[in-house]
Amino acid sequence: MMHDLTWGWFFACLLALALQTVLIVLAAPWFSGWVNRLAGRLTGERRFPVGGRWQDIHHQFRRPGLRQRGDGLSSLACRVALILAVFAACMTPVFTLVPAGFPAPGFALLCTALVGASLLLGLPLLVQAGTAELAGYAALLADGLLLPALVPVLVMAGGQDFSVFLAHLRQLSPVGDGAPFVLMGVALFMVTAWKGRQAGEDLPCQLSGVDRALWMLATDCVQLVWITLAADVAWAGSLALPVETGTEPWLAQCLAGGAFWMAKLAVAALFLAGTQLMVLTFPRRARVRLAAVFLLGLLAWQVAYPGQSGPVAQDKTASAQEEQDPAFGEEGSTP
Amino acid sequence: MTLAVILAPLLALCVVARGIGFLPVLGVVTAVAMLVDHQAPLQEFGAACVVVFSVLPVWFVSRYQDDGARERSGPAVPFLALGLMVILQLATGTPAATWDVPGHAGAAYLPAGLCVALAGLVAVTCRHSMVWQWAGLLVCVDGIMLSGVIENQIMVVGVTALAGCVVALLGGLCVHRVMLRVAVAPAQNGAGADRPAARSTGFELGDVEPAGPEPRRLGPEAVVVPRIWSEADVAAEAEDDSAAQSRVEHPDTETGLATDQASGDATEAGEKVAQQDSVAPNAEAASDEGTEPSDEAPKPETQGESDASIKQAERTETESVAAEAATDSHQPNAETSEDDADAQVHDADAPEPLEPDEDETGQRSPEIIARDVWLKGYLAERGRDA
């Protein structure tokens, strides 16, 4: 598979991947601040401006931290979580796919990295004693159960590379045959919908200094990667595909893909702010999230691949009927 | 399989989860899902029906206040609907007709209409507030209509249109019967607006009359108790008018009349109730009195109290007669107790040949009046027996 990939395309893809990763990491706090601002506008509260989240992270980076018990483990968990989040961001297509010969990860690896980052982000809550400990346990449990809830979605994507899967989806129109994958995108969006936030409130994390900045940045990165994944699956047609066309059309498609990504993020921010209007307690939010992810994924899988979930006996009966009456098939094909 | 077909069950789930607010969006999406494939008259009729059944009820409900019914069912209800949809999809599978046709082999299929109807049934079953159940029924109508249009069943579409009309009408009637209007109804200027039947309908804010009742005078101590005394004054004045014209220029009566005209309209509603209370025993006394007027007059009055009581009973009778005769002109005024004391003093000072015993009962209260009325009736009974 490597023979049709020239070195020029290889380095262009590497450059695009690096650009995508930097874009996601830099845009994550902005997106979070945007969602926070929108939710504040919807609920009628005064919130920070859009850049407030990024300023907060920048400010925390320069502050000296207060050393507490178990802080070493917390800082380690934050750093590993950020690395995992950046790794997942590197694997997520923002505006372009990678060509067929390029080494690309599978969807399961991507989801595992994101869930692992979420688990590690819940670890600092667990280390510190007090009231946040219970919330930490709940968050850990909810994130741990997320991977089993994602099984229908993982089955939909199959064992193939995620880029190949998206390249297959790219040919389907989302308003036509690709409609079940919109449902799959909704299921992926539900992962972040009620994630640890109560009307814009963060989980109570008592980290300080650089650790807190890393924790906030990793949280935003994980959220934005999930949103980007959902948007990619829901409408893969906006992603550029290299090697098929020349370099210049690919660059134009990349620019258009970036613009479409912005539009998708705007829609997702509206929906996220809307979900923050629902006031639910923390365990109930976790249950709602897991049930929505699982059931929507199951429904999407059934709709997308009806041959695998449909009854097999009906198949034989229908084929037998068609043999007896050839007009049956034509009648079925006309409407 | 289009996006609208996929979105319709999701919006039905939103109706189950959040209420009737998503119903117009569901109707529009369902209409789009009908019209995308073909645009035959059947599809157009179904789409128009669905839009009408989804938009009009929401507009109608928006004219009423939120009933504030506390919903006891939790957030797990839409997941019940979602799980039932999954089971329905499992049970339905792919139709054999599309499964073996080469163009449709493996094509996506979702019984969207049945899923929408199922969500509506879940909303009807699990939600408790009236508007929510109505929304569930309308979602059912939308789903069955979508299913009928997709399967090209004319009878299903027609019957569903009829059922939708019935559901919308009955639900609208229930909403109109139970819920309160949001809009402030303006005060009507017609003659019918003055009737108490027209006024008693009101939780409406526009019901207050231009010359509203004064709130200070509406208390029971301000209206009910002095009213009896003022009626007594009016009765005494009527007697005086019949006997002699000496009390016409009485200052107290003039001030009383002045306050009457000022507050007569205002305290009308409150005084009608009090008037009914006072007229009822007086009417009984008058009926007793009217049967035997001759026995009463020559009756020897041995007890001092009975003398005063009979006089008082005569006064109350004449008072009731006078009040009935001159209801519109001499409405009892709502005076305070100081005015009553003044009136009592003036009554004592004024030359009254018919009532010399007025001083004895200077401290009369409604209880004493009631006791006197009872005593008078008792004496009348005794006289009849004798």
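Every chain is numbered on its own, with residues counted from 1 as its sequence reads. Chain labels run from A onward and ligand labels from 1 onward, assigned in the order the entries are written. Whole-chain, interface and lining totals are the exception, using all residues; otherwise, since this is a predicted model, local features are given only for residues with pLDDT of at least 70 and side-chain atom pairs are given and counted only at 80 or more. Hydrogens and water molecules were not included; the side-chain quantities draw on all heavy atoms of the structure.

## Section: the overall build of chain A
Secondary structure counts use DSSP, requiring at least four H or I residues in a row for a helix and at least two E residues in a row for a strand, with both numbered from the N terminus. Per the secondary structure count, chain A includes 15 helices and 0 strands. A total of 335 residues make up chain A; the buried ones form 51% of that total. Throughout, a residue-residue contact means that at least one pair of heavy atoms, one from each residue, lies within 4.5 Å. Taking contacts inside chain A between residues at least 6 apart in sequence as the whole, the part at least 24 apart equals 85%. Working definition of accessibility: Shrake-Rupley area with a 1.4 Å probe, residue cover restricted to the visible protein chains. Surface summary for chain A: the accessible area is close to 15300 Å², and the carbon and sulfur share equals 67%. When a residue's accessible area, from a 1.4 Å probe over protein chains only, is under 20% of the maximum for its type it is buried; when over 50% it is exposed; and in between it is partly exposed.

## A few points about the overall build of chain B
Counting its secondary structure elements, chain B contains 16 helices and 0 strands. Relative to its full complement of 386 residues, chain B shows a buried share of 41%. Once local pairs closer than 6 in sequence are excluded, the contacts in chain B between residues at least 24 apart make up 75%. Here chain B has roughly 20200 Å² of accessible surface; of this, 62% comes from carbon and sulfur atoms.

## Focus on helix α1 (residues 3-18) of chain B
Here the expected length of a helix is defined as 1.5 Å per residue gap, with one fewer gap than residues. For α1(B), built from 16 residues, the straight-helix expectation of 22 Å at 1.5 Å per residue is met to within 8% by its first-to-last C-alpha distance of 22 Å. With 12 of 16 residues buried, α1(B) lies mostly within the body of the structure. Those residues of α1(B) that fall on the buried side of the exposure criterion are Leu3(B), Ala4(B), Val5(B), Ile6(B), Ala8(B), Pro9(B), Leu10(B), Leu11(B), Ala12(B), Leu13(B), Val15(B) and Val16(B). Elements in contact with the buried residues of α1(B): α9 (179-193) and α12 (282-304) of chain A together with α2 (23-37), α4 (77-92), α6 (112-126) and α7 (130-150) of chain B. Gly19(B) sits one or two residues past α1(B) and shows a positive phi near 120°.

## What about the pattern of salt bridges?
All names here are of chain A. The salt bridge definition used is simple: a Lys or Arg side-chain nitrogen within 4 Å of an Asp or Glu carboxyl oxygen. Taken as a whole and assessed by the stated rule, the structure comprises 5 salt bridges over all chains. With a closest N to O distance of 3.0 Å, Asp211 and Arg79 form a salt bridge. Taken together, the positions of Asp211 in helix α10 (residues 210-234) and Arg79 in helix α3 (residues 71-91) put the pair 132 residues apart, joining distant regions of the chain. The closest approach of N and O atoms between Asp232 and Lys264, which form a salt bridge, is 3.9 Å. Separated by 32 residues along the polypeptide, Asp232 in helix α10 and Lys264 in helix α11 (residues 247-275) bring together distant segments of the chain. Assessed through its relative accessible area of 12%, Lys264 is described here as buried.

## Some points on the nonpolar core
All names here are of chain A. Throughout this description, the term nonpolar core refers to a set of buried Ala, Val, Leu, Ile, Met, Phe, Trp, Tyr and Cys residues connected via side-chain atoms within 4.5 Å. With 149 residues, the main nonpolar core has Phe107, Leu150, Leu166, Met184 and Trp226 as its most contacted residues. When residues of this core are assigned to their parent elements, the largest contribution, 15 residues, is made by α10. Setting aside residues up to four positions removed in sequence, Leu166 forms contacts with Pro93, Leu97, Asp232, Val233, Ala236 and Leu239.

## Quick look at the packing of aromatic side chains
Residues and elements named next belong to chain A. Each Phe, Tyr or Trp ring, with Trp reduced to its six-membered ring, pairs with another whose centre is within 6.5 Å; inter-plane angles below 30 degrees give stacked pairs, above 60 give edge-to-face pairs, and intermediate values give tilted ones. Counted under the stated rule, the structure contains 12 aromatic pairs over all chains. Ring centres of Trp7 and Phe10 lie 5.7 Å apart, and the angle between their planes is 70°; on these two criteria the pair is classed as edge-to-face. Note that Trp7 and Phe10 are positioned in helix α1 (residues 7-43) at a spacing of 3 residues, about one turn of the helix. Residue classification places Trp7 among the exposed residues on the basis of a relative accessible area of 64%. An aromatic cluster is defined as three or more aromatic residues linked by ring pairs; in this entry it consists of Trp7, Phe10, Phe11 and Phe102.

## Description of the side chain of Thr228(A)
Structurally, Thr228(A) is set in helix α10. For Thr228(A), the residues in contact, after removing those within four places along its chain, are Ile24(A), Thr92(A), Pro93(A), Val94(A) and Trp261(A).

## Some details on the environment of Leu123(A)
Residues and elements named next belong to chain A. Looking at the secondary structure, you find Leu123 in helix α4 (residues 107-127). When the C-alpha positions of Leu123 and Tyr137 are compared, they lie 8.6 Å apart, and in sequence the two are 14 residues distant. Sequence-distant contacts of Leu123, that is, excluding residues within four places in its chain, are made with Ala77 and Leu140.

## Notes on helix α8 (residues 162-169) of chain A
All names here are of chain A. Where α8 is concerned, the buried positions are Phe162, Ser163, Phe165, Leu166 and Leu169. Seen along its axis, α8 keeps its buried residues to an arc of 160°; they face one direction. Buried residues along α8 sit in contact with α4, α7 (151-157), α9 and α10. Throughout, the arc means the angular range of directions from the helix axis out to the C-beta atoms.

## Things to note about the packing of α1(B) against α6(B)
Residues and elements named next belong to chain B. Orientation of α1 relative to α6, taken along the N-to-C sense of each, is 0°, at an axis distance of 9 Å. Judged by the angle between their axes, α1 and α6 are roughly parallel. Two secondary-structure elements touch here, α1 through Val5, Ala8, Pro9, Ala12 and Val16 and α6 through Ala112, Cys115, Val116, Ala119, Val122 and Ala123. Classification used: nonpolar for Ala, Val, Leu, Ile, Met, Phe, Trp, Tyr, Cys and Pro, charged for Asp, Glu, Lys and Arg, polar for all others including Gly. Counted by class, the contact of α1 with α6 contains 11 nonpolar, no polar and no charged residues. Angles here are taken between N-to-C directions and fall from 0 to 180 degrees, while the axes themselves are lines fitted to C-alpha atoms, restricted in helices to the stretch in contact. Oblique is the label for any angle not under 35 degrees, not over 145, and not in the 65 to 115 range, which are roughly parallel, roughly antiparallel and roughly perpendicular in turn.

## A word on the packing of α3(A) against α10(A)
Residues and elements named next belong to chain A. Axis separation between α3 and α10 bottoms out at 9 Å; the angle between their running directions is 30°. One way to sum up the angle between α3 and α10 is to call them roughly parallel. For the pair α3 and α10, the crossing hand works out as left-handed. Side by side, α3 and α10 meet where Asp71, Ser75, Cys78, Arg79, Ala81, Leu82, Ala85, Ala88 and Ala89 of the first sit next to Val210, Asp211, Leu214, Trp215, Leu217, Ala218, Cys221, Val222 and Val225 of the second. Of the residues that constitute the contact of α3 with α10, the class distribution is 14 nonpolar, 1 polar and 3 charged. Note: crossing handedness is left-handed where the near helix turns anticlockwise from the far helix by less than a right angle, and right-handed where it turns clockwise.

## Let's talk about a nonpolar patch on the surface
Residues and elements named next belong to chain B. Taken together, the side chains of Val28, Val32, Val36, Val51 and Val55 present a nonpolar region at the surface, about 340 Å² in accessible area. Looking at the nonpolar patch element by element, the count peaks at 3 residues for α2. Along the chain, the position of Val28 falls in helix α2. On the basis of relative accessible area, Val28 is assigned to the partly exposed category, the value being 44%. Without a salt bridge and with relative accessible area above 30%, a residue can belong to a patch; like charges are then joined within 9 Å and nonpolar side chains (Val, Leu, Ile, Met, Phe, Trp, Tyr) within 5 Å.

## Quick word on the confidence of the model for chain A
Reading fine detail from the predicted coordinates is not recommended where pLDDT is low. Scored by pLDDT, chain A comes out at a mean of 82, with 86% of its residues at no less than 70. pLDDT is defined as a per-residue confidence score from the predictor, taking values between 0 and 100. When the criterion is pLDDT under 50, residues 308-335 of chain A qualifies, and its contacts beyond four places in sequence or with other chains add up to 21 contacts.

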